[in-house]
Amino acid sequence: MKSVRAGIVAAAATAATLVLTGCVAATEPAESTKSESFSFEHIHELVVDQGDGTLLVATHEGLYGLEVGDEGVSATTGPLGELDFDPMGFTIADDVAYASGHPGPKTPDTFGTPNLGLITSTDRGETWVNASLTGETDFHSLAVSAGSGDAKVFGLDSSQGLLRRSLDGGKTWTDGAALAARDIASIDSEVYATTTEGLVVSSDDGASFSVDPDAPKLYLLANDASGQLAGIDTSGVIWTRGTDGTWVVGEKITGTPEAMAIDGKRIFVADERGIAFTDDAGVTWTVLSPA
């Protein structure tokens, strides 16, 4: 692997380049509802809750839960906690949810403004507490490695162009490598990021990164609790990493992806169709929530 130059700066934005974008002020969401179908305006993250299999959808108007069966969605609930905050970064590890982003028009002042910093929830997004960096930081992507001790939390700080890391569950933070990335993931002791130079990997808690020359040039990245890793490349093709570390090519999605998640063989993607899942790397799809 070759070393990544310090202070990588993203090139001019195109549909194929990996560029982080901000959000405008959120509109007022509907009150918490439970229905079989729902259309989302803008999706930041998709995360499978390992506790009950719910697909959690982090949107511009709040966090929603989709109850997913073999044939599709049986119910959609949200915004969870009737909260309209904008979770730009969102993930779950060991039954703790982590989020960052911006408050919405009705978000309580206690969440912090103009940025949420890091907030956490132990009741699947119904209530949240301030963990750190309240009012200061907007992480556009979050990744967590949980284990027997404190969780390791990694966040992309787009305003400073670097990866920040917390080795005590999000209480205190240090600066990691200078990094312009679209997405990050963390498995055990390794951190992965999608950049214009390719997939980069860190084995020292984000202090430094090297390009993986054998990996596809990914745009989005996701991992599940078992350590399975999947991504979508800059041309919209799905890739999964096998148990031997090799990448296996799948099929192409529809349009530009907004978010993705993986749970075993099942891959969830938010794209021009809405939210859909595949059990066969994109050969066949089930649309859960139409665009």
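A short tour of the structure in this document, coming up. (Residues numbered from 1 in each chain as written. Predicted model: local features only at pLDDT ≥ 70, side-chain atom pairs only at ≥ 80, totals over all residues. Heavy atoms only, no water.)

1. Focus: the packing of aromatic side chains
The full count for this structure, using the stated rule, is six aromatic pairs. Ring centres 5.1 Å apart and planes at 65° place the aromatic pair F40 and Y64 in the edge-to-face group. Of this pair, F40 sits in the loop between β1 (33–35) and β2 (43–48) while Y64 sits in strand β4 (residues 62–69), placing them 24 residues apart in sequence. Both residues of the pair, F40 and Y64, belong to the buried class. Measuring from centroid to centroid gives 6.5 Å for F90 and W128, while their planes differ by 65°, and the two rings are edge-to-face. Here the residue F90 occupies a position in strand β6 (residues 86–93), and W128 occupies one in the loop between β8 (118–121) and β9 (129–132), the gap between them amounting to 38 residues. Each member of the pair F90 and W128 is classed as buried. (Phe/Tyr/Trp six-rings, centres within 6.5 Å; stacked < 30°, edge-to-face > 60°. Helix = DSSP H or I, 4+ residues; strand = E, 2+ residues; numbered from the N terminus. Buried < 20%, exposed > 50% of the residue type's maximum accessible area, 1.4 Å probe, protein only.)

2. Focus on the nonpolar core
If you look at soluble globular proteins, the nonpolar side chains tend to sit buried side by side. Residues L46, L55, V57 and I275 are the most contacted members of the largest nonpolar core, which totals 16 residues. No other element matches the three residues that β2 contributes to this core. Among residues more than four places away in sequence, those in contact with L46 are L55, L56, V57, A259, M260, A261, F268, V269, A270 and I275. (Core = buried A, V, L, I, M, F, W, Y, C linked by side-chain atoms within 4.5 Å. Contact = heavy atoms within 4.5 Å.)

3. Points about the sheet that holds strand β14 (residues 183–187)
Pairing within the open sheet is antiparallel, and its four strands lie in the order β14-β15-β16-β17. At either margin of the open sheet sits one strand with a lone partner, and together these are β14 and β17 (210–211). By the bridge criterion, two bridges tie strand β16 (residues 198–202) to β17 in an arrangement that is antiparallel. Along β17, the bridge assignment pairs V200 with V211. (Pairing = 2+ DSSP bridges.)

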